[in-house]
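So you can see what is in the structure, the chains are spelled out below.
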Amino acid sequence: KNQVEQSPQSLIILEGKNCTLQCNYTVSPFSNLRWYKQDTGRGPVSLTIMTFSENTKSNGRYTATLDADTKQSSLHITASQLSDSASYICVVSLSGTYKYIFGTGTRLKVLA
Amino acid sequence: DSGVTQTPKHLITATGQRVTLRCSPRSGDLSVYWYQQSLDQGLQFLIQYYNGEERAKGNILERFSAQQFPDLHSELNLSSLELGDSALYFCASSVEAGGPLGEQFFGPGTRLTVL
């Protein structure tokens, strides 16, 4: 069954600290993996997108990594800010289709 | 602002009723996607249209239907509403049909409350 699992479910960190969010997937055949940031009550906004041949991609303080062999991805946030408080969603798309499998997200809270 | 617009922003209705949610994609985008997000749940893909044609179907109930019009705007129709249909409904658009690098841009969502 095609699934995307994210951990932890929620996370609280202090402003200025780093954190890493995990995404494990069983989607096959794999096309690409995206990380989205979703502020409460708003639509998701794309952070990064990676194909199977890419190991890492950065977007400012956000760095995503992908290990296609182990089917794992991580999103590392450096020097967190209060505005990083949001849900982070991992999305994997199936190769040869137009289907997207969404993880349930990690809810991050950054405290001052 | 993603450039995707959705109306209405909020909708409150009663069980058994029918509602229509509207989405206008970004200028130039041919693909429209609909998603449902229940409270504290992940996004559930409902359906995708590309240039007026249905392209992919997800977990969309038979009580729900959608269409994409010649001007590329899309409507999601929800009928015989139940309490469990209360959720945020997001529309997203992309330039292409959702290929490997087809990034989706999400609208602000419509919050539906069924009483």
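Right, let's walk through the structure included here. Being a predicted model, the structure only gives us computed values, none of them experimental.

## With respect to the overall build of chain A
Then, in step 1: Of the regular secondary structure elements, chain A holds zero helices and eleven strands.
Then, in step 2: When its helices and strands are written in sequence order, chain A yields β-β-β-β-β-β-β-β-β-β-β.
Then, in step 3: If one aligns the C-alpha atoms of chain A with their principal axes, the spans along those axes are about 45 × 25 × 20 Å.
Then, in step 4: Counting across all 112 residues of chain A, residues that qualify as buried make up 46%.
Then, in step 5: Taking all contacts inside chain A whose residues are at least 6 apart in sequence as the whole, residues at least 24 apart take part in 55%.
Then, in step 6: Counting every atom, chain A has about 5,500 Å² of accessible surface; 48% of that belongs to carbon and sulfur.

## Topic: the nonpolar core
Then, in step 1: Counting residues in hydrophobic clusters, the biggest one holds 25 residues, and the most contacted among them are Val4(A), Tyr25(A), Leu33(A), Trp35(A), Leu75(A), Tyr88(A) and Val92(A).
Then, in step 2: Considering each element in turn, this core owes the most residues, five residues, to strand 9 (residues 86-94) of chain A.
Then, in step 3: With near-sequence residues (within four places) excluded, Tyr88(A) lies in contact with Gln6(A), Leu21(A), Trp35(A), Tyr36(A), Lys37(A), Leu47(A), Tyr62(A), Leu75(A), Ile77(A), Gly105(A), Thr106(A) and Leu108(A).
Then, in step 4: By size, the runner-up hydrophobic cluster in this structure holds 20 residues, among which are Ile60(B), Leu81(B), Leu112(B) and Val114(B).

## Comments concerning the pairing of strand 6 (residues 56-59) of chain A
Residues and elements named next belong to chain A.
Then, in step 1: Across four bridges, strand 6 lies against strand 7 (residues 62-67) in antiparallel orientation. Among the inter-strand pairings, Lys 57 is bridged to a residue of strand 7, identified as Ala 64.
Then, in step 2: Remark: two residues form the turn of the hairpin made by strand 6 and strand 7, two consecutive strands paired antiparallel; Gly 60 in that turn has positive phi of roughly 65°.

## Digging into the interface of chain B and chain A
Then, in step 1: Of the residues lining the interface, 25 residues belong to chain B; the matching set on chain A comes to 20 residues.
Then, in step 2: With both sides pooled, the region where chain B packs onto chain A buries about 1,700 Å², and carbon together with sulfur makes up 56% of that total.
Then, in step 3: Here chain B and chain A share zero salt bridges between them.
Then, in step 4: The tally of links between chain B and chain A comes to one residue pair in polar contact (both at pLDDT 80 or more).
Then, in step 5: Across the side of chain B that touches chain A, the residue classes tally to twelve nonpolar, eight polar and five charged.

Parameters at a glance
- Residues numbered from 1 in each chain as written.
- Chains lettered and ligands numbered in written order.
- Predicted model: local features only at pLDDT ≥ 70, side-chain atom pairs only at ≥ 80, totals over all residues.
- Heavy atoms only, no water.
- Helix = DSSP H or I, 4+ residues; strand = E, 2+ residues; numbered from the N terminus.
- Buried < 20%, exposed > 50% of the residue type's maximum accessible area, 1.4 Å probe, protein only.
- Contact = heavy atoms within 4.5 Å.
- Areas by Shrake-Rupley, 256 points an atom, 1.4 Å probe, with all protein chains shown as cover.
- Core = buried A, V, L, I, M, F, W, Y, C linked by side-chain atoms within 4.5 Å.
- Pairing = 2+ DSSP bridges.
- Buried area = accessible area lost by both parts, 1.4 Å probe.
- Salt bridge = Lys/Arg side-chain N within 4 Å of Asp/Glu carboxyl O.
- Polar contact = N/O pair within 3.5 Å; in protein donor to acceptor, adjacent residues only side chain to side chain.
- Nonpolar A, V, L, I, M, F, W, Y, C, P; charged D, E, K, R; others polar.

Treat this as a map of the structure, not an account of what it does.
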